Amino acid sequence: MTPEILARAEAAYLGLALGDALGATVEFMTPREIAHHHGVHREIVGGGWLRLTPGQITDDTGMALALGAAILGNDGRVEALACARGFDAWMRRKPVDIGNTVRRNLLHFRRTGEPQALASEHDAGNGAAMRVLPVALATLGRSEAEVRAACRAQAHVTHHNAASDAACEFLALAVQDFLLGKSLREVFRARIQPLVQAQPAFAFRARPRRENPSGWVVETMQAVLQALVDVGGFEPCLVDVVNRGGDADTTGAIAGMLAGALYGREALPARWLNALDAQVREACVAQARALAGANAPSSR
Ligand code: MN
Ligand code: MN
């Protein structure tokens, strides 16, 4: 693993946490309400409906860190049972927020010991996509089929749904492309266009600006892809996406992992990194190094 790739892996993980902490302040607000209260919301200040301290993260980063720890504790393998145990332990620590689908299917796991949720066309929330980053890092360099299978193993613990799967697999593969130095133009052709062809509901280009994206993974991805494709730079991309309101911590987290991997460590604003909870910042860096670094050719 080259220092360049490791630095981008760190940027992706920190980007996830920064987008979560930035967006949580305005989660479930409309763009009008955000403009009224904040003008353009561009600082990590906490608050929001969860009454967060400045720099505090929510379930998006919390579940990613739980997943990363589960993978590292399972010799780097992404397996449903290890993931389910990791998420269940996270839920027992009484996180500040938790999605309904995540809670319901983790309670199902507790009752049955079955780590895969039943397939459901209704479980198309963004809960599996928001936490997928550790899988992208742990499977860097593997075949595309292995990456896709690993994405589904973690996702199906709580979200067993085709739209969620498409988003998770796209995100992991696009992050990996960016880590390896591919441009936005290349990823647009190789990943974004095929995603929209396979899942027409994800189409985002000809549509009006997606505001108030709900927790439905389709609306989440439309907002994220519009911001990523139309707004250059790490900070402008994240500011754009969270000011759309709605599920802003999650659009921020997902845009943050993509834009972090694309624009790299130097693009992360120092004032945001300083505002981020220090323990979270250190955990993100440590996991990024451990998950991506474990793929060094000498260790395989
Ligand atoms: Mn959240
Ligand atoms: Mn959210």
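The preceding data block contains the structure.
Our subject in this report is the structure included herewith. (Residues numbered from 1 in each chain as written. Chains lettered and ligands numbered in written order. Predicted model: local features only at pLDDT ≥ 70, side-chain atom pairs only at ≥ 80, totals over all residues. Heavy atoms only, no water.)

### A closer look at the pattern of salt bridges
- Taken as a whole and judged by the stated rule, the model has 21 salt bridges.
- Notably, a salt bridge pairs Arg209 with Glu211, separated by 3.4 Å at the nearest N-O pair.
- Residue Glu211 is classed as partly exposed on the basis of its relative accessible area of 36%.
- In this structure, a network of salt bridges that share partners links the residues Glu144, Arg148, Arg152, Glu169, Asp177, Lys182 and Arg191. (Salt bridge = Lys/Arg side-chain N within 4 Å of Asp/Glu carboxyl O. Buried < 20%, exposed > 50% of the residue type's maximum accessible area, 1.4 Å probe, protein only.)

### Section: the coordination of the manganese ion (ligand 2)
- Around the manganese ion (ligand 2), the protein contributes the donor atoms Glu27 (OE), Asp247 (OD), Asp249 (OD) and Thr250 (OG1), which lie 2.0 to 2.5 Å from the metal centre.
- Here the manganese ion (ligand 2) and the manganese ion (ligand 1) are spaced 3.5 Å apart, linked through Asp249, which binds each one. Here Glu27, found in the loop between helix H1 (3-24) and helix H2 (31-38), pairs with Thr250, found in helix H12 (residues 248-263); they are 223 residues apart in sequence, far enough to count as distant. The exposure classification of Glu27 matches that of Thr250, with both residues buried. (Donors = N, O, S within 2.8 Å, 3.2 Å for Na, K, Ca; no water. Helix = DSSP H or I, 4+ residues; strand = E, 2+ residues; numbered from the N terminus.)

### What about the coordination of the manganese ion (ligand 1)?
- Within the first shell, the manganese ion (ligand 1) binds the protein through Thr58 (OG1), Asp59 (OD), Asp60 (OD), Asp97 (OD) and Asp249 (OD), at distances of 2.0 to 2.7 Å.
- Each donor residue of the manganese ion (ligand 1) lies on the same chain, and together they follow the pattern T-D-D-x36-D-x151-D.
- Owing to a relative accessible area of 3%, Thr58 belongs among the buried residues under this scheme.

### Concerning the packing of helix H3 (residues 59-72) against helix H4 (residues 80-92)
- Put simply, H3 and H4 touch, their axes get as near as 8 Å, and they point 135° apart. As far as their axial angle goes, H4 and H3 are oblique. The handedness of the crossing between H3 and H4 is right-handed. Along the contact surface, H3 presents Asp59, Gly62, Met63, Ala66, Leu67 and Ala70, while H4 presents Ala82, Cys83, Gly86, Phe87 and Trp90.
- Of the residues contributing to the contact of H3 with H4, the split by class is eight nonpolar, two polar and one charged. (Axes fitted to C-alpha atoms, helices over the stretch in contact; angles between N-to-C directions. Parallel < 35°, antiparallel > 145°, perpendicular 65-115°, else oblique. Left-handed = near helix turned anticlockwise from the far one by under 90°. Contact = heavy atoms within 4.5 Å. Nonpolar A, V, L, I, M, F, W, Y, C, P; charged D, E, K, R; others polar.)

### Focus: the packing of aromatic side chains
- This model, assessed by the stated rule, comprises two aromatic pairs.
- Centre to centre, the rings of Phe28 and Trp49 are 5.4 Å apart; their planes meet at 50°, and the pair counts as tilted. In this pair, Phe28 sits in the loop between H1 and H2 while Trp49 sits in the loop between H2 and H3, placing the two residues 21 residues apart along the sequence.
- Phe28 gets classed as exposed once you look at its relative accessible area, which sits at 54%.
- Its relative accessible area of 48% is what places Trp49 among the partly exposed residues. (Phe/Tyr/Trp six-rings, centres within 6.5 Å; stacked < 30°, edge-to-face > 60°.)

### Points about the environment of Glu219
- With respect to the helices and strands, Glu219 occurs in helix H10 (residues 217-230).
- The exposure class assigned to Glu219 is buried, which follows from its relative accessible area of 16%.
- Glu219 sits 17 residues away from Phe202 along the chain, and the two C-alpha atoms are 7.6 Å apart.
- Each residue touching Glu219, except ones within four places of it in the same chain, is listed here: Arg210, Asn212, Pro213 and Ser214.
- At 3.0 Å, the side chain of Glu219 forms a polar contact with the backbone nitrogen of Ser214. (Polar contact = N/O pair within 3.5 Å; in protein donor to acceptor, adjacent residues only side chain to side chain.)

### A closer look at helix H5 (residues 100-112)
- Its 13 residues place the ends of H5 18 Å apart at the C-alpha level, agreeing with the 18 Å of an ideal helix rising 1.5 Å per residue.
- Restricting attention to buried positions, one finds in H5 the residues Thr101, Val102, Asn105, Leu106 and Phe109. The buried residues of H5 occupy an angular sector of 120° when projected down its axis, which confines them to one face. Pointing more than 90 degrees away from the buried face of H5 are the exposed residues Asn100 and Arg111.
- Contacts made by the buried residues of H5 are with H3 and H4.
- Just beyond H5, the residue with positive phi is Gly113, at close to 75°. (Expected span 1.5 Å × (residues − 1). Arc of directions from axis to C-beta.)

### Some points on the environment of Ala253
- With respect to the helices, strands and loops of the structure, Ala253 is situated in helix H12.
- Residues Ala253 and Cys151 lie 102 residues apart in sequence; the distance between their C-alpha atoms is 17 Å.
- Residues in contact with Ala253, not counting those within four places in the same chain, are Leu16, Gly19, Asp20 and Asp60.

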